[in-house]
Amino acid sequence: IDVDTLCKIIDGNYNTYFNKIQIIDCRFNYEFNGGHINGAININSQNHLENFFFHKSKKFKNNDLYIFHCEFSSFRGPKLASHLRNCDRILNENNYPFLFYPNILILDGGYKNFFCNQKNRCIPKFYVQMNDNNHKSICDRELTRFKNDTKKLLSRANTFHGLTSISTPKPKKI
C-alpha cells in the first residue's frame, strides 16, 4: 500500500473492515528507537515474529490487518511478512484456504518514504538510517543475523519452534 492509503487506515477510514490494525516495523532496534510510525511495534527477527503471532496469544483473529515495513520495504519487511504467511500456511495446511492472518500488506517505500511524506505521524520525528555510522557494528551484526535467519528453509517437517503443536480451529462453513 502507499503512504496515503496507510494514513487513511491510521485515520480509521477502514475500521469497519478490520477488528484491529497493527503496523509492524521490521527495522533494527536503533532505527525504530530513532523514529517510527506512531503506534507501530518493532519486530525484527523470525523468532520475535513467531513468538508475537503464534506463542504470545493463541487467540487468533483473522480479521485483523497487519502492515509490514522496513527502511525501504525492499528486504526485511517483505521477508518477515512472507515468513508470517509461510508459517500460517503450514499451520493451516489441512484447513485450506483458512488462515489465521489473511490480511498482510507491505508499505511501499518503507519508513523512508513515510517519514518524507508524514513526519508529523512519526515519534520521535526523526529518521535513523540502517547504515548510520553511529551504529555500524550493530548494523553489520544484525544484518548478518537477519540474512542467516532468512536462509533457513521452512519445511512441513520443521516445527519452527513448536508451532505445529498449536491446535488449529476448523474453518467455519459458509
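First, a word on what this report is: a plain description of the structure on this page. This structure is a prediction, so every number in the text was calculated from the model and none was measured.

Let's talk about the sheet that holds strand β5 (residues 103–106)
- In spatial order, the strands read β3-β1-β4-β5; together these 4 strands make up an open sheet with parallel pairing. Among the strands making up the open sheet, the edge pair consists of β3 (41–42) and β5.
- Here strand β1 (residues 21–25) pairs with β3 via 2 bridges, running parallel. Note on β3: the bridge partner recorded for Ile24 is Ile41.

Examining the environment of Asn15
- With respect to the helices, strands and loops of the structure, Asn15 is situated in the loop between α1 (3–10) and β1.
- A sequence separation of 49 residues divides Asn15 from Asp64, and the C-alpha atoms of the two residues are 10.0 Å apart.
- Those residues in contact with Asn15 that lie beyond four places of it in its chain are Ile9 and Ile21.

Quick look at the pattern of salt bridges
- Per the counting criterion, the structure on display carries 7 salt bridges.
- Residue Arg27 pairs with Asp25 through a salt bridge whose shortest N-O separation is 2.8 Å.
- Put simply, Asp140 and Lys136 hold a salt bridge, and the shortest N to O gap is 3.5 Å. Separated by 4 residues within a single helix, Asp140 and Lys136 lie in helix α6 (residues 136–151), roughly one turn from each other.
- Owing to a relative accessible area of 48%, Lys136 belongs among the partly exposed residues under this scheme.

Some thoughts on the pairing of β1
- Counted residue by residue, β1 has 4 buried out of 5 residues, so it is predominantly covered.
- Pairing analysis gives 5 bridges linking β1 to strand β4 (residues 65–69), with the strands arranged parallel. Paired with Ile24 across the strands is Phe68, a residue of β4.

Observations regarding the pairing of β4
- Summarising burial for β4: 5 of the 5 residues are buried, a large majority.
- One ladder, built from 4 bridges, connects β4 with β5; its direction is parallel. Its bridge partner lying in β5, Tyr66 is registered against Ile104.
- Between the parallel elements β4 and β5, the chain passes through helix α4 (residues 76–91) in a crossover that is right-handed.

Topic: the packing of aromatic side chains
- Evaluation of the coordinates by the stated rule reveals 13 aromatic pairs.
- When the ring of Phe75 is compared with that of Phe146, the centres are 5.5 Å apart and the planes differ by 65 degrees; the resulting orientation is edge-to-face. Taken together, the residues Phe75 in the loop between β4 and α4 and Phe146 in helix α6 connect sequence positions 71 residues apart.
- Since its relative accessible area comes to 2%, Phe146 is described here as buried.
- Aromatic pair Tyr111 and Tyr127: ring centres 5.7 Å apart, planes at 65 degrees, arrangement edge-to-face. Of the two residues, Tyr111 sits in helix α5 (residues 110–118) while Tyr127 sits in the loop between β6 (122–123) and α6, which places them 16 residues apart along the sequence. Of the two residues, Tyr111 and Tyr127, neither departs from the other in class, the shared state being buried.
- A network of ring pairs unites the aromatic residues Phe52, Phe53, Phe54, Tyr66, Phe68 and Tyr101 as a single cluster.

Each value, and the rule that gives it
- Residues numbered from 1 in each chain as written.
- Predicted model: local features only at pLDDT ≥ 70, side-chain atom pairs only at ≥ 80, totals over all residues.
- Heavy atoms only, no water.
- Pairing = 2+ DSSP bridges.
- Helix = DSSP H or I, 4+ residues; strand = E, 2+ residues; numbered from the N terminus.
- Contact = heavy atoms within 4.5 Å.
- Salt bridge = Lys/Arg side-chain N within 4 Å of Asp/Glu carboxyl O.
- Buried < 20%, exposed > 50% of the residue type's maximum accessible area, 1.4 Å probe, protein only.
- Right-handed = clockwise from strand over helix to strand, strands pointing away.
- Phe/Tyr/Trp six-rings, centres within 6.5 Å; stacked < 30°, edge-to-face > 60°.

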